[in-house]
Amino acid sequence: TSVNDGWWKGAFRQIFHHINFQVVRVLANVAVDPRVGPVLARSKTCHSLLISLLQHKSVSESEELVLSCFATLNNLTFYSRRGPPSSVHTDLAQC
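What comes next concerns the included structure. Predicted model, so just to flag it, every value in this text is computed and none were measured. As a convention, each chain's residues are numbered from 1 in the sequence order in which they are written. For a predicted model such as this one, the threshold for reporting local features is a pLDDT of at least 70, and the threshold for listing and counting side-chain atom pairs is 80 or more; totals across whole chains, interfaces and linings nevertheless cover every residue. Hydrogen atoms and water are omitted, and side-chain values are computed over all heavy atoms in the structure.

## Remarks on helix H3 (residues 44-56)
Then step 1. With 13 residues, H3 extends 18 Å between its outermost C-alpha atoms, agreeing within 8% with the 18 Å of an ideal straight helix rising 1.5 Å per residue.
Then step 2. Whether a residue is buried, partly exposed or exposed follows from its accessible area with a 1.4 Å probe, protein chains only, as a fraction of its type maximum: under 20%, in between, or over 50%, in that order. Each helix is a run of DSSP H or I of at least 4 residues and each strand a run of E of at least 2, with the numbering of both proceeding from the N terminus. Of the residues making up H3, those classed as buried are Cys46, His47, Leu50, Ile51, Leu53 and Leu54. All buried residues of H3 project into a common sector of 155° when viewed along the axis, lining one side. In H3, those exposed residues whose orientation departs by more than 90 degrees from the buried face are Lys44, Thr45, Leu49 and His56. A helix is expected to span 1.5 Å for every residue after the first. Arc, as used here, means the arc of the directions from the helix axis to the C-beta atoms.

This is how it looks when you write it as structure tokens:
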């Protein structure tokens, strides 16, 4: 059963990675909408999820996911650049 457990864990990791990647890509795409982008740019939950993914994934481990997180945050900065730097900017700089 340990072989089967290992297989299931590997399969679960792949599915989890794929879902994270797809969700981040959707966020990146909707962030460019002038009605949705400002809402996401103000969302601390959205920022914290993206920052958390960046803090827990390396480029060598998950290049697509990391680059998608940065692309999404880049899209969101378009709407947040009008105000003073926030904690999101600090968190992003630390990544």
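## Thoughts on the environment of valine 23
Then step 1. Relative to the elements of secondary structure, valine 23 occurs in helix H1 (residues 2-30).
Then step 2. A relative accessible area of 45% places valine 23 in the partly exposed class.
Then step 3. With 45 residues separating them in the primary sequence, valine 23 and serine 68 have C-alpha atoms 9.8 Å apart.

## Observations concerning the packing of aromatic side chains
Then step 1. Each pair of aromatic rings taken from Phe, Tyr and Trp, with Trp reduced to its six-membered ring, is defined by centres within 6.5 Å and is described as stacked if the planes are under 30 degrees apart, edge-to-face if over 60, and tilted in the remaining cases. Under the defined criterion, the tally for this structure stands at 1 aromatic pair.
Then step 2. Ring plane angle 15° and centroid distance 6.1 Å describe the contact between phenylalanine 12 and phenylalanine 16, whose orientation is recorded as stacked. Of the two residues, phenylalanine 12 and phenylalanine 16 are both situated in helix H1; the distance of 4 residues between them amounts to about one turn of the helix.
Then step 3. Looking at phenylalanine 12, the relative accessible area reads 57%, which means it is exposed.

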